Amino acid sequence: NSSLSGDYDNTGFYGNIGYQLSHNLFTSLNIRADNNNVIGRNDSYKLGFFGENIFPKLNVSLNFASGFKNPSLYELYGADSYGYKGNTDLGAEKSKTSEIGFDYKLNTNSKLGLSFFKNNVSNLIEYSDSTYENTSNKIKQRGIEFEYNIKDDDNSFTFFGNSLSSEKANGTPQLRRPEWNLGFNYNRALVKGFNFFSKYKFKGEHFDIHNSNYSTIIMPETNLLDLGITKRYWGYEMGAIINNFLDENYESPHGFSQNARKLNFIFKRKF
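What you see is a predicted model; the values in this text were computed from it and never measured. Numbers given to residues run from 1 along each chain, matching the order in which its sequence is written. Residue-level local features of this predicted model are given only where pLDDT is at least 70; pairs of side-chain atoms are given and counted only at 80 or more, and the full residue set underlies all totals for whole chains, interfaces and linings. No hydrogens and no water enter the side-chain calculation; it runs on all heavy atoms of the structure.

Undergrad: What is the right way to look at the nonpolar core in this model?
TA: One recurring pattern in soluble globular proteins: nonpolar side chains tend to sit buried together. Only buried residues count toward a nonpolar core, which is a set of Ala, Val, Leu, Ile, Met, Phe, Trp, Tyr and Cys residues joined through side-chain atoms within 4.5 Å. Relative accessibility decides the category of a residue: with a 1.4 Å probe and only protein chains considered, values under 20% of the type maximum give buried, values over 50% give exposed, and everything between is partly exposed. Counting five residues, the largest nonpolar core is built from Ile39, Leu76, Leu90, Ala92 and Ile125. Setting aside residues no more than four positions away along its own chain, Ile39 makes contact with Tyr8, Asn70, Pro71, Leu76, Leu90, Gly91 and Ala92. Here, residues are in contact when the closest pair of their heavy atoms is within 4.5 Å.

As structure tokens, this is what we get:
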């Protein structure tokens with residue numbers, strides 16, 4: 001029997017500035033200041049550099065950023081009948097991120113994107129002794145993201161994915177962070193204004209917490225495919241989509257069963 005009674009107010013100020021260093025080299029600085037009446041003040045920034053056509057058809061970007069994640073209301077104010085009680089003295093988790101990205105235009109219809117990043121998280125919020133507290137533990141994340149796009153008059157295809165290594169300082173893996181995520185989006189214009197689309201996402205094995213005995217377990221990979229078709233009528237888009245077409249039986253996180261194969265109808269209007 002969980003309960004939650006509490007709130008907080010957050011005020012943020014944000015600004016950015018950009019400067020053209022040369023005909024194909026640009027820089028930008030984004031600064032944000034947040035003041036929370038419970039958690040306190042947190043400042044963050046993002047410094048970026050962008051080079052256009054550094055080599056023929058190749059763009060390069062470089063980013064350095066700081067960030068934070070405030071504790072949730074449940075971590076601050078929650079309570080349950082087993083003795084858990086929230087901690088209003090919690091501070092925000094802090095992060096430092098570096099990233100380098102490459103964008104290569106293969107031809108007029110296709111391009112390839114690739115980026116490498118690392119992220120260090122400190123002041124972690126972790127569960128201990130029937131409450132949450134900020135600990136000295138740290139998380140090191142390293143990864144690669146990639147994307148390939150190709151399109152013509154009737155077809156549009158995007159393939160994307162990422163590989164992530166996310167570990168605590170003691171070498172144990174972070175929960176709910178699969179090493180691999182892959183997927184694609186495909187759209188095709190059909191005759192008489194019909195449009196077919198598909199979305200696929202692969203989520204690799206990852207660690208999670210068992211919902212009843214709280215042991216660390218391995219969650220299996222999932223393959224989720226959505227298929228749909230739409231048609232435009234007088235400015236409206238109508239159609240249908242089958243979510244989880246492969247009827248994958250899965251939980252996310254453990255103990256929370258997700259929808260089986262399901263038919264949904266689509267009715268859209270853009271303004």
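The discussion continues.
Undergrad: How do you make sense of the environment of Ser212 when you look at a structure like this?
TA: Numbering of helices and strands starts at the N terminus; helices are DSSP runs of H or I of at least 4 residues and strands are runs of E of at least 2. Tracing the sequence through the fold places Ser212 in the loop between β13 (206–209) and β14 (216–219). It is 8.3 Å that separates the C-alpha atoms of Ser212 and Gly255, two residues lying 43 residues apart in sequence.

Undergrad: Help me understand unusual backbone geometry, please; the structure alone is not making it clear to me.
TA: Glycine aside, residues mostly have negative phi, and peptide bonds are mostly found in the trans state. For the peptide bond that leads from Ser252 to Pro253, omega is -10°, which places it in the cis range. In this fold, Pro253 is placed in the loop between β16 (236–243) and β17 (262–269). A positive phi angle, near 55°, is found at Asn123, a position not held by glycine. Positive phi values are uncommon outside glycine, yet Asp247 reaches one of about 55°. When you line up the elements, Asp247 lands in the loop between β16 and β17.

Undergrad: How do you make sense of the pairing of strand β4 (residues 58–69) when you look at a structure like this?
TA: When a strand is regular, its side chains alternate between the sheet's two faces. Sheet topology note: the strand β3 (residues 40–55)/β4 ladder contains seven bridges and is antiparallel. Counted as the bridge partner of Phe55 is Leu58 from β4. Following DSSP output, two strands are said to pair if at least two bridges run between them. Hairpin remark: β3 followed by β4, antiparallel, with two residues in the connecting loop; positive phi at Lys57, about 70°. Summarising the sheet, β4 and strand β5 (residues 93–107) pair through twelve bridges and their orientation is antiparallel. Considered in β5, the bridge of Phe68 is made with Lys94.

Undergrad: Please clarify how the side chain of Ser110 should be interpreted in this entry.
TA: Mapped onto the elements of the fold, Ser110 is located in strand β6 (residues 110–122). Relative accessible area serves as the criterion here: at 5%, Ser110 is assigned to the buried category. In contact with Ser110, not counting residues within four places along its chain, are Lys105, Tyr148, Asn149 and Ile150.

Undergrad: Got a minute to help me understand the side chain of Thr230 in this structure?
TA: Assignment of secondary structure puts Thr230 in strand β15 (residues 222–233). Take Thr230: its relative accessible area is 4%, and that puts it in the buried class. In the analysis that follows, any N or O atom pair within 3.5 Å is treated as a polar contact, provided that within protein one partner can donate a hydrogen and the other can accept it, and provided that, for residues neighboring in sequence, both atoms belong to side chains. A distance of 3.1 Å separates polar atoms of two side chains, one belonging to Thr230 and the other to Glu237. Other than its neighbours up to four places away in sequence, Thr230 contacts Gly193, Phe194, Asn195, Phe197, Glu237, Met238, Gly239 and Ile266.

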